[in-house]
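Here is how the chains run, residue by residue.
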Amino acid sequence: MKKKFQNSKTETIVYFICSLAGLLLVWQLAVSFTSLQKVMPSPFVVLGFIGESLTQKIGGKILPLHILASLKRVFVGYFLACIIGIPLGILMGCSKTGKAIVKPIFELLRPIPGLAWIPLAILWFGIGETSKYFIICVSAIVSIILNAYAGASQVDQTLVGAARMLGAKPAQIFLYITLPASVPQIFAGLQVGLSSSWMAVIAAEMIRANEGAGWIITTGMESGNTVQILAGMISIGLVGLLLASLLRLIERGLCSWNIQGR
C-alpha cells in the first residue's frame, strides 16, 4: 500500500494540501500571537474577501472578470513573444549566419528587465493596451529565445550527419530531427516565459489600467486596503499555478517520450 502511495498523483495532491494548510496555519498563528496583526489581516479574512469578490464588484467588476482581463493581456503579449522568440532561437541554433546576426543584438538587450521598458512603451505606444502587450512580450521573450536556441544547438550531430548521408534535404533534417529534438527545451522556455508574462502583467497594469488583477493590487495600495492587496496577490498566484500546470499537461501530451525517459 505504501509503495502504491509513493510516486503517485495521490501523494502529490496530499502533500500539496498539507503544504497549503501549513502555510495558512503559520499565517494565522503569526497574526494571532505576534505584532504582525497590526499590519496583516487573518488568512480567513482575505479568503472571505476573495469569496465575496466572486459575486460582489471591485471597482465595477467582479474578481473573475478582472482575472480574465489580465489573462487576455498576458495571452496576447505571450503569443507575440512565442511567434517572435521561437523562430529567432531556432535560427541562432541552426544557422551560423543567423547566430552571427541575431546573437549580438540579443546579448545586448537580454540583461534589460521588462520593467525598464515601461518609459519607452509609453512613449512609443501611449498608455493603452498596446504598451501593456509590449511589456509582457519583452518580459517573456528572453527565456523563450534562450531555450529554443539551446534546444536547436544541442541536436545530436551524428543523427544530422547520418540523415545527410541518406540523402535527406535540409528541410527534412529540420522537420524530422532538429525540431523534435528541440521541443523539450522549447517547452521549458515556454513555461518560464508564461510565468514571466503573468508576473509582468502587474507592471503592465500599472500603466493606467482600470481592470485586472494588477489593478486590484495597485488600487488596494492607494487606498491602504491590505485585504484587497493580499486578495489580488493570492489570485495572481493561484492563476499562475493553474497556467503552469496546464502547460505541463500539454507538454506531457506532446513530449511523452521525453517525460518517460527522465
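Refer to the preceding data block for the structure.
What counts and how
- Residues numbered from 1 in each chain as written.
- Predicted model: local features only at pLDDT ≥ 70, side-chain atom pairs only at ≥ 80, totals over all residues.
- Heavy atoms only, no water.
- Helix = DSSP H or I, 4+ residues; strand = E, 2+ residues; numbered from the N terminus.
- Buried < 20%, exposed > 50% of the residue type's maximum accessible area, 1.4 Å probe, protein only.
- Contact = heavy atoms within 4.5 Å.
- Lys, Arg positive; Asp, Glu negative; His and termini not counted.
- Charge placed at Lys NZ, Arg CZ, Asp CG, Glu CD.
- Phe/Tyr/Trp six-rings, centres within 6.5 Å; stacked < 30°, edge-to-face > 60°.
- Core = buried A, V, L, I, M, F, W, Y, C linked by side-chain atoms within 4.5 Å.
- Salt bridge = Lys/Arg side-chain N within 4 Å of Asp/Glu carboxyl O.
- Axes fitted to C-alpha atoms, helices over the stretch in contact; angles between N-to-C directions.
- Parallel < 35°, antiparallel > 145°, perpendicular 65-115°, else oblique.
- Nonpolar A, V, L, I, M, F, W, Y, C, P; charged D, E, K, R; others polar.
- Patch = residues over 30% accessible without salt bridge, like charges linked within 9 Å, V, L, I, M, F, W, Y side chains within 5 Å.
- Areas by Shrake-Rupley, 256 points an atom, 1.4 Å probe, with all protein chains shown as cover.

Check the secondary structure of the protein chain and you find 12 helices and zero strands. Scanning the protein chain from its N terminus toward the C terminus, one meets helices and strands in the order α-α-α-α-α-α-α-α-α-α-α-α. Judged by the C-alpha coordinates and their principal axes, the protein chain covers about 70 × 65 × 30 Å. Burial status across the protein chain gives 40% buried among its 262 residues. Across the protein chain, contacts joining residues at least 24 apart in sequence account for 68% of those joining residues at least 6 apart. Of the side-chain charges in the protein chain, 20 are positive and 9 negative, and the distance between the mean point of each set is 8 Å.

Attention shifts here to the packing of aromatic side chains. Under the definition given, this model contains five aromatic pairs. Ring centres 6.5 Å apart and planes at 50° place the aromatic pair tryptophan 117 and tryptophan 124 in the tilted group. With a relative accessible area of 51%, tryptophan 124 lands in the exposed category. Measuring from centroid to centroid gives 5.9 Å for tryptophan 124 and phenylalanine 134, while their planes differ by 75°, and the two rings are edge-to-face. With tryptophan 124 in helix α6 (residues 118-125) and phenylalanine 134 in helix α7 (residues 129-153), this pair connects stretches of sequence that are 10 residues apart. Relative accessible area serves as the criterion here: at 17%, phenylalanine 134 is assigned to the buried category.

Looking now at the nonpolar core. Core analysis: the biggest nonpolar cluster contains 47 residues, and Tyr78, Ile86, Ile144, Leu190 and Trp198 have the highest contact counts within it. Element by element, the count of residues in this core is highest for helix α4 (residues 63-94), at 10 residues. Setting aside chain neighbours within four positions, we find leucine 190 in contact with Tyr78, Cys82, Ile86, Ile144 and Leu247. Grouped together as the second largest cluster of nonpolar side chains are eight residues, Ala121, Phe134, Ala203 and Ile207 included.

So, on to the pattern of salt bridges. Taken as a whole and assessed by the stated rule, the structure comprises five salt bridges. Linking glutamate 129 and arginine 73 is a salt bridge whose minimum nitrogen-to-oxygen distance equals 2.9 Å. Linking glutamate 129 in helix α7 with arginine 73 in helix α4, this pair joins segments that are 56 residues apart in sequence. For glutamate 129, a relative accessible area of 30% corresponds to the partly exposed category. Across the salt bridge formed by arginine 73 and glutamate 205, the nearest N and O atoms sit 2.9 Å from each other. On the criterion of sequence distance, the pair formed by arginine 73 in helix α4 and glutamate 205 in helix α9 (residues 170-205) is long-range, its members being 132 residues apart. For the pair shown, arginine 73 and glutamate 205 are each scored as buried.

This part covers the packing of helix α3 (residues 43-53) against helix α11 (residues 226-254). Viewed as axis vectors pointing N to C, α3 and α11 meet at an angle of 75°, and their least axial separation amounts to 9 Å. Our classification of the angle between α3 and α11 gives roughly perpendicular. Residue-level inspection shows Val45, Val46, Phe49 and Ile50 of α3 in contact with α11, the latter providing Val227, Gln228, Leu230, Ala231 and Ile234. When its residues are assigned to classes, the contact of α3 with α11 shows eight nonpolar, one polar and no charged.

Quick look at a nonpolar patch on the surface now. A grouping of Ile13, Phe16, Ile17, Leu20, Leu23 and Leu241 is seen on the molecular surface, where their side chains present a nonpolar patch of about 550 Å² in accessible area. At five residues, the largest contribution of residues to the nonpolar patch is made by helix α2 (residues 9-33). Looking at the element boundaries, leucine 23 is found in helix α2.

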